[in-house]
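Structural characterization, general
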Amino acid sequence: MIIQRPKGTQDIIGKTALKWQYLENEIRKICSEYGYQEIRTPIFEATELFQRGVGETTDIVNKEMYTFLDKGQRSITLRPEGTASVCRAYVENKLYAQAQPLKLYYLGPMFRYENTQAGRFRQFHQFGAEVLGGEDPLVDAEVIHLIWEFFQRLGLKGLEVHLNSVGCPNCRSEHRIQLQNYLQRRKADLCEDCQTRFERNPMRILDCKNKRCQSLTSGVPTTLDTLCNDCQEHFSQLQSYLKIVGIQYKINPKLVRGLDYYQRTAFEVLAEGIGAQNAICGGGRYDGLVKEIGGPPTPGIGFAMGMERLLAVLDMQKVEIDLETEEKVLIAALGDKARQEGFKLSGELRRNGIPVLMDLLGRGLKNQMKYADREGVRYVLIIGDEELAKDIIIVRDMKLGDQKEVPKETIKQYLLQNINNI
Ligand code: HAM
């Protein structure tokens, strides 16, 4: 029986892999322009990091983590997200001693044991960015600016930025009281998950996807109703910055996000037409997280976007991606001596940056030409006994359909002058 890949995972091959490379290049470019450095943290971490960081009451920690005991009986978890790891690395490597705010970005696989559906995988990839050590609303605005600018550059249209403030621990305790008072009488009608949330994390009831819960919470007090003065001021300054640079957003008072670490700013970017899983980016401020995992009190804010969902939007909107396929050379050597010469030549050309293929299967000329065609080769260099004797190489231009004899000692110059991608 054929062994299949695990449910909720993907093989990324061929043209799709080129699209990923294109996106990754654009990400690296924009991150460097905004002053972010790359961080690569381990793919697995101590389970406790996510329990403390992401929060015991979240679906991610409760239901979705890939957790196992390693051979040393340590509880290990495949990372379900990147923020907790970045904060752990910040503390462990004393990055707070560097110039602040520290701006870090990452790209890589995340793991959540979710019910799979279109746009929802068990191994998926995030591009994320975190800014540590900056509390000013201008930091929030610059983070959202990067996201907005990135989507503009990719040529995406019709995206919606949803924005909210979930307040700080002070105003949140007031919100909790008001919310519980409001829902007390309706508690029994809430879904099972929300009944648990009622005690443990009532704010999450606001974004329950259950229709009944949604109707029960239609007039409910939101975090915006209970913001303290400082949080209100922070939120309104953020909005004025966004307006100054023309970023359009919608205030969504029910946006509370599925991770426990958020304070104040919370946001998501939604895309139409890719199905129910339409959040292509989510993020917010997490001013208590670094302290929570044992570091000095440090404000933080960041986001992550799902690469698979991003690609789905690019495909759906038929955005042309310039997948510059390189012009390649195939050395079609015929006979033992020619194969030896061709093998030597292939190394020399590659050393000069010319992409070279060689027939490795001992095919005849006709089949080598077919191979060149399937591989999208631009120039075929034909070397047989006759060419060896005359010290020449026949260069066939597969695009123009013509061919010429080029002296062997000038072949490198000839190709360097003619190949477009060099
Ligand atoms: P999140 O909202 O859980 O936030 O995930 C961010 C994005 O990752 C989502 O908007 C979505 O595009 C993608 N995503 C999440 N789960 C899946 C899945 N199962 N399949 C495919 N794509 C998925 C976080 O992870 C936070 N760490 C973001 C953050 C960074 N907040 C502050 N800093």
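Residues numbered from 1 in each chain as written. Predicted model: local features only at pLDDT ≥ 70, side-chain atom pairs only at ≥ 80, totals over all residues. Heavy atoms only, no water.

**Overview of the overall build of the protein**
Cut-off, in case you're wondering: For helices the rule is a DSSP run of H or I covering at least 4 residues; for strands it is a run of E covering at least 2, with both sets numbered from the N terminus onward. With the radius of gyration taken over C-alpha atoms, the globule rule is written as 2.2 Å times the number of residues to the power 0.38. Working definition: with a 1.4 Å probe on protein chains only, accessible area under 20% of the residue-type maximum means buried, over 50% means exposed, and in between means partly exposed. Only the protein chains shown count as cover for residues, and all accessible areas are computed by the Shrake-Rupley method using a 1.4 Å probe. Asp and Glu are treated as the negative residues and Lys and Arg as the positive ones, with His and the ends of the chain left uncounted. To locate a charge, take NZ of a lysine, CZ of an arginine, CG of an aspartate or CD of a glutamate.
Helix and strand counts for the protein come out as 15 helices and 16 strands. For the protein, the C-alpha radius of gyration of 28 Å lies well beyond 22 Å, the compact-globule estimate for 422 residues. Expressed as a percentage of the 422 residues in the protein, the buried residues total 50%. If you sum the accessible surface of the protein, you get close to 21,600 Å²; carbon and sulfur atoms cover 48% of it. Between the mean site of the 57 positive side-chain charges and the mean site of the 56 negative ones, the protein shows a separation of 4 Å.

**Examining the pairing of strand β12 (residues 329–333)**
Note the cut-off: Two strands are said to pair when DSSP picks up at least two bridges between them. Seen with its strands pointing away from the viewer, a crossover is right-handed when the path leading from the first strand over the helix to the second is clockwise.
Counting buried residues in β12 gives five out of five residues, a clear majority hidden from the surface. Alternating positions in β12 separate into two faces, Val329, Ile331 and Ala333 on one and Leu330 and Ala332 on the other, with burial throughout. Looking at chain direction, β12 and strand β13 (residues 356–358) are connected through three bridges and run parallel. Across the sheet, Ile331 pairs through a bridge with Met358, a residue of β13. For the handedness criterion, the β-α-β arrangement of β12, helix α12 (residues 336–351) and β13 is classed as right-handed. Relative to strand β14 (residues 379–383), β12 runs parallel, the two sharing five bridges. Its bridge partner lying in β14, Ala332 is registered against Ile382.

**A few points about the domain arrangement of the protein**
What counts, and what does not: Domains are outlined according to an automatic or database domain assignment.
Domain parsing of the protein yields domain 1 (14–168 + 228–316) and domain 2 (329–416). Measuring from the centre of the C-alpha atoms in domain 1 to the corresponding centre in domain 2 gives 49 Å.

**Some details on the nonpolar core**
Convention followed: By nonpolar core we mean a set of buried residues, namely Ala, Val, Leu, Ile, Met, Phe, Trp, Tyr and Cys, connected to one another through side-chain atoms within 4.5 Å. Contacts are assigned to residue pairs that have any heavy atoms within 4.5 Å of one another.
Judged by nonpolar contacts, the single largest core of 50 residues is most densely connected at Tyr36, Phe127, Ile147, Phe150, Phe151, Phe303 and Met305. It is helix α5 (residues 137–154) that provides the largest number of residues to this core, a total of 10 residues. Leave out the neighbours within four places in its chain, and Ile147 touches Phe267, Val269, Cys281, Phe303 and Met305. Ranked by size, the runner-up nonpolar core spans 45 residues in total, among them Met65, Cys87, Tyr106 and Met203.

**Quick word on the site of the ligand**
For clarity, the threshold we go by: Here a residue counts as near a molecule or strand whenever at least one of its heavy atoms sits within 4 Å of it. What qualifies as a polar contact is a pair of N or O atoms within 3.5 Å, subject to a donor-acceptor requirement within protein and to the restriction that residues adjacent in sequence count only when both atoms come from side chains. Amino acids outside the nonpolar list (Ala, Val, Leu, Ile, Met, Phe, Trp, Tyr, Cys, Pro) and the charged list (Asp, Glu, Lys, Arg) are all regarded as polar, and Gly is one of them.
The environment of the ligand is made up of 26 residues, and the closest members are Glu81, Thr83, Glu114, Glu130 and Tyr262. With respect to the ligand, the side chain of Arg112 contributes an N or O atom lying 2.9 Å from an oxygen atom. The contact in question runs from a nitrogen atom of the ligand to an N or O atom on the side chain of Tyr261, over 3.0 Å. For the ligand, the accessible surface in isolation is 650 Å², of which the surrounding protein chains cover 96%. For the shell around the ligand, the secondary structure elements donating two or more residues are β6 (123–132), β10 (279–285) and β11 (300–306). For the shell around the ligand, the leading source of residues is β10, giving six residues. Classifying every residue of the shell around the ligand by side-chain character gives 11 nonpolar, eight polar and seven charged.

**Examining the sheet that holds β13**
Note the cut-off: In this analysis an axis means a line fitted to C-alpha atoms, helices contributing only their contacting stretch, and an angle means the value between N-to-C directions, from 0 to 180 degrees.
Across the sheet, which stays open at both edges, the five strands sit in the order β13-β12-β14-β15-β16 with mixed pairing between neighbours. Only two strands of the sheet have a single neighbouring strand rather than two, namely β13 and β16 (402–407). With direction set aside, neighbouring strand axes in the sheet form an average angle of 25°. Across the face of the sheet, α12 comes into contact with β12, β13, β14 and β15 (392–397) while running at roughly 160° to β13.

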